[in-house]
Amino acid sequence: MERLNEIVTKVDDFVWGPVMLLLLVGTGVFLTVRTRFLTWRNLGYALKSTLSKEARTKSRGEGDVSPFSALTTALAATIGTGNIVGVATAMVSGGPGALVWMWISAAFGLTSKFSECMLAIKYREVNAKGEMSGGPMYTMKKGLKNKTFGVILAWLFAFFAVIASFGIGNMTQGNSIASALHSTFHVPMQASGIIITILTLLIVVGGIKSISKVSSVVVPVMAIFYVICGIVVIFGNISNLPAGLAMIFRMAFSTKAVGGGLCGTIVASMMSAMRYGVARGVFSNEAGMGSAAITAAAATTDNPVRQGYINMTGTFWDTIVVCTITGLAIASSGVLGTTDAAGNILTGSDVTIAAFETVLGSSGGWLVTIGITLFAFSTILGWEYHGEKAFEYLLGTHKYNMIYRVVFSIVVYVGCTQTLSLVWNFSDIANALMAIPNLICMLLLSGEIAKDIEEFQSEIRRKK
């Protein structure tokens, strides 16, 4: 078992290594240039559309849920522990400069997210139950010229998505909730497991409509709640903020390893800032992974580009807003590089908790724990839908979806009560392997993406 764990860890390190990160960010850069930076130029339009009244209705076109609900369900799966724990981990391992590389990867991730979601709506199908089914697997099967290659890529994507849904979208999240509640409120892990499993089952049994109902309330509320608490912490440490920001930018681009000042004993170079920043940024917003495209395909819309823009803002809300709040709260609080009672450097959620406690006292720890619980629970709901649609694609029918929902809910309990590093690493690998077919597909269809986004420009001009 030890040996197997070692092998899986090595494979995990390799698939999430420089080649993968280069592929993910490189695809985003290529697509951004190919679409003549229209995703950046139209970010204002996209944010306005997302917050409009129309986005909350199903008045335009066909689909299962409103454009806003499709976005919040996709955001439910992406705004997760990565925004609280991942940012802290990146800043400890890669230094505070990692935050700048998270922003850079998110900027190009906007176009990746736009492209995968737009294509998913363009190539979606209606299943026998009358529900929308879409995602990169349908894009690959129907959109690629070489049909055999398309079918193989589609099968691989769906297969890895199902594995990832049980690991990264289920057990990892359940474990984060149970551990956080146990360490802060001393709730037994089994009790957390039972409650979360029952809640998950009650919601997912109703399919996308009930998941999106819960997500469209929980996601905005939890994000606003967390952002407000984070802003209070930043304002509480406002005198440190200029020094914190200077350190973030200095350490993002410094060729030799620097440390000291607000980051205590942490020393990091530009290469490690880049590596951890990009890795955690991609992990947090999932741009290029193809997962959000599965949910986007359920949206009610009359034009794939219109919904592509709405779904693309997910990367903005996730990384540019929520991750930045965590990063600035940590950078201005001076807790980076500090140690616990045993003399070990604080990492993960402990860093974020310590940062919040500098201003909010012991209630800071509670607020971060509540944040982790809500973020992780919503991730479980969003990923259930991703995995279910991939499962439906593999079997070619929706008839077994209910079995998937029940099994998925039971697995939550296992995640809450066991720490299985093997399962985590394995699902991490599946998550990376999902991205490869998706990136290949987007690169092959980049001409089509550029053409469609260009044609929609006249509509945006008319709006202006």
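Thresholds, definitions, all that
Residues numbered from 1 in each chain as written. Predicted model: local features only at pLDDT ≥ 70, side-chain atom pairs only at ≥ 80, totals over all residues. Heavy atoms only, no water. Core = buried A, V, L, I, M, F, W, Y, C linked by side-chain atoms within 4.5 Å. Buried < 20%, exposed > 50% of the residue type's maximum accessible area, 1.4 Å probe, protein only. Helix = DSSP H or I, 4+ residues; strand = E, 2+ residues; numbered from the N terminus. Contact = heavy atoms within 4.5 Å. Phe/Tyr/Trp six-rings, centres within 6.5 Å; stacked < 30°, edge-to-face > 60°. Lys NZ or Arg CZ within 6 Å of the ring centre and 35° of its normal. Axes fitted to C-alpha atoms, helices over the stretch in contact; angles between N-to-C directions. Parallel < 35°, antiparallel > 145°, perpendicular 65-115°, else oblique. Nonpolar A, V, L, I, M, F, W, Y, C, P; charged D, E, K, R; others polar. Patch = residues over 30% accessible without salt bridge, like charges linked within 9 Å, V, L, I, M, F, W, Y side chains within 5 Å. Areas by Shrake-Rupley, 256 points an atom, 1.4 Å probe, with all protein chains shown as cover. Salt bridge = Lys/Arg side-chain N within 4 Å of Asp/Glu carboxyl O. Expected span 1.5 Å × (residues − 1). Arc of directions from axis to C-beta.

S.K.: What's the story with the nonpolar core in this structure? I'm lost.
M.R.: Note on soluble globular proteins: their nonpolar side chains tend to be buried together. Core analysis: the largest hydrophobic core is formed by 126 residues, its most contacted members being Trp-16, Leu-24, Phe-114, Met-137, Tyr-309 and Val-351. Per-element accounting of this core gives the leading share, 13 residues, to helix α9 (residues 147-185). With near-sequence residues (within four places) excluded, Leu-24 lies in contact with Trp-16, Ser-112, Val-282, Ala-287, Gly-288, Met-289, Ala-435 and Leu-439. In terms of nonpolar packing, the next biggest core, distinct from the first, is built from eight residues, Ala-74, Cys-117, Ala-292 and Ala-297 among them.

S.K.: When you look at the packing of aromatic side chains in this model, what are you seeing that I'm missing?
M.R.: Geometry of an aromatic ring pair is reported as the spacing of the ring centres plus the angle between the planes. With the rule as written, the count across this model stands at 18 aromatic pairs. A ring pair is formed by Tyr-309 and Phe-456, whose centres lie 6.2 Å apart and whose planes are at 40 degrees; its orientation type is tilted. Taken together, the residues span a long stretch of sequence, with Tyr-309 in helix α15 (residues 304-333) and Phe-456 in helix α20 (residues 446-463) at a distance of 147 residues. Members of the aromatic cluster, joined through ring pairs, are Tyr-45, Phe-114, Tyr-309 and Phe-456. Note that Arg-56 overlies the ring of Phe-68, its terminal NZ or CZ placed 4.1 Å from the centroid. Geometry around Tyr-276 places Arg-275 over its ring, the cationic atom sitting 4.7 Å from the centre.

S.K.: Would you take a moment to explain the packing of helix α8 (residues 136-143) against α9 for this structure?
M.R.: Packed helices, taken two at a time, are described by the angle their axes make and the gap between the axes. Put simply, α8 and α9 touch, their axes get as near as 7 Å, and they point 170 degrees apart. On the basis of the axis angle, α8 is roughly antiparallel to α9. Only Lys-147, Gly-150, Val-151, Leu-153, Ala-154, Phe-157 and Ala-158 of α9 make contact with α8, whose side of the interface consists of Pro-136, Met-137, Met-140, Lys-141, Lys-142 and Gly-143. Residue composition of the contact of α8 with α9, by class: eight nonpolar, two polar and three charged.

S.K.: Got a minute to help me understand a nonpolar patch on the surface in this structure?
M.R.: On the surface, Leu-23, Phe-30, Phe-149, Ile-436, Ile-440, Leu-443 and Leu-444 cluster together into a nonpolar patch covering about 520 Å² of accessible area. Residue assignment for the nonpolar patch shows that the elements contributing at least two residues are α2 (18-34) and α19 (421-444). At four residues, α19 tops the list of elements feeding residues into the nonpolar patch. In this structure, Phe-30 sits in helix α2. Given the relative accessible area of 36%, Phe-30 is considered partly exposed.

S.K.: Just checking my understanding: could you explain helix α12 (residues 241-252) for this structure?
M.R.: At 3.6 residues per turn, the α-helix brings residues three or four places apart onto the same side. An ideal rise of 1.5 Å per residue puts 16 Å on twelve residues; α12 measures up with 16 Å between its terminal C-alpha atoms. Along α12, the residues that are buried comprise Leu-241, Gly-244, Met-247, Ile-248, Met-251 and Ala-252. Down the axis of α12, the smallest arc covering the buried residues is 125 degrees, so these residues share one side. Packing partners of the buried residues in α12 comprise α7 (98-122), α11 (207-236), α13 (270-285) and α15.

S.K.: Even after reading the chapter, I still don't get the pattern of salt bridges, so can you show me in this structure?
M.R.: All told, the structure shown has 17 salt bridges when counted by the stated rule. Notably, a salt bridge pairs Arg-60 with Asp-302, separated by 3.9 Å at the nearest N-O pair. Note that Arg-60 is positioned in the loop between α4 (43-51) and α5 (67-78) and Asp-302 in the loop between α14 (291-296) and α15, a separation of 242 residues in sequence. Owing to a relative accessible area of 26%, Arg-60 belongs among the partly exposed residues under this scheme. For Glu-131, the salt bridge goes to Lys-129, with nearest N and O atoms at 3.8 Å. When its relative accessible area of 16% is taken as the criterion, Glu-131 is described as buried. Salt bridges linked by common partners bring Glu-54, Arg-60, Asp-302, Arg-306, Glu-459 and Arg-462 together as one network.

S.K.: Explain unusual backbone geometry to me, please; I cannot follow it from the model alone.
M.R.: With glycine set apart, most residues show a phi of negative sign, and most peptide bonds adopt trans. Here the phi dihedral of Phe-37 falls at roughly 60 degrees; this positive angle occurs in a residue that is not glycine. Tracing the backbone through its elements, the reader meets Phe-37 in the loop between α2 and α3 (38-41). Residues other than glycine seldom take positive phi values, yet Glu-286 does so here, at roughly 55 degrees. Structurally, Glu-286 can be placed in the loop between α13 and α14.

Don't take any of this as a statement about function, it's just geometry.
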